[in-house]
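Chain by chain, the residues run as shown.
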Amino acid sequence: MSRAGRSRSRRAGSPPSGGLLRWFLSLPARLHLRWLVIIVVTAAVMGAYARVLVTAAPMPPSKAPTAPAAAGEHSGAGTPKPTRTGRDHTRR
């Protein structure tokens, strides 16, 4: 065996000069498990997003005009009146 082969395997087992965090973060790449880490992280993010969507409060209603209960659906109450647009609106 060559010395280069031994020193490489020794370096892979011990924490590099960058620190323990850098060594830990490079562990999946050294073990050829990048795809597994990507899948796990993606699943965790999707799960957190799904939980937010499921547990979120409902959206507040818009400020649409409401019709009185006595007025029927077809009475015209609650429908907005047309407004003038364009040049006619600015004339006096």
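Residues numbered from 1 in each chain as written. Predicted model: local features only at pLDDT ≥ 70, side-chain atom pairs only at ≥ 80, totals over all residues. Heavy atoms only, no water.

Trainee: Even after reading the chapter, I still don't get the overall build of the protein chain, so can you show me in this structure?
Mentor: For the protein chain, the count of helices and strands is five helices and zero strands. The order of helices and strands in the protein chain, counted from the N terminus, is α-α-α-α-α. Within the protein chain, the fraction of its 92 residues that count as buried is 1%. (Helix = DSSP H or I, 4+ residues; strand = E, 2+ residues; numbered from the N terminus. Buried < 20%, exposed > 50% of the residue type's maximum accessible area, 1.4 Å probe, protein only.)

Trainee: Would you mind showing me how to read a nonpolar patch on the surface here?
Mentor: Residues L31, L33, W35, L36, I39 and V40 make up a contiguous nonpolar surface patch of about 570 Å² in total accessible area. Within the element layout of this structure, L33 appears in the loop between α3 (27–30) and α4 (34–55). (Patch = residues over 30% accessible without salt bridge, like charges linked within 9 Å, V, L, I, M, F, W, Y side chains within 5 Å. Areas by Shrake-Rupley, 256 points an atom, 1.4 Å probe, with all protein chains shown as cover. Salt bridge = Lys/Arg side-chain N within 4 Å of Asp/Glu carboxyl O.)

Trainee: I tried to follow the confidence of the model for the protein chain on my own but got confused; where do I start?
Mentor: Atomic detail in the predicted coordinates should be set aside for any region of low pLDDT. Of the residues in the protein chain, 53% reach a pLDDT of 70 or more, and the chain-wide mean stands at 74. Taken element by element, the protein chain is modelled with least confidence in helix α1 (residues 3–13), mean pLDDT 54, and with most confidence in α4, mean pLDDT 95. (pLDDT = per-residue confidence, 0-100.)

Trainee: Sorry, what's going on with unusual backbone geometry here?
Mentor: Peptide bonds are, in most cases, trans, and in most cases residues other than glycine have a negative phi. Positive phi outside glycine occurs at H32, with the angle close to 60°. Residue H32 is classed as exposed on the basis of its relative accessible area, which comes to 65%.

Trainee: Whenever I open this one, the environment of R30 confuses me. Can you help?
Mentor: Its location among the elements puts R30 in helix α3. Accessibility expressed as a relative area gives 31% for R30, which makes it partly exposed. Among the polar contacts made by the side chain of R30, one reaches the main-chain carbonyl oxygen of W23 at a distance of 3.0 Å. (Polar contact = N/O pair within 3.5 Å; in protein donor to acceptor, adjacent residues only side chain to side chain.)

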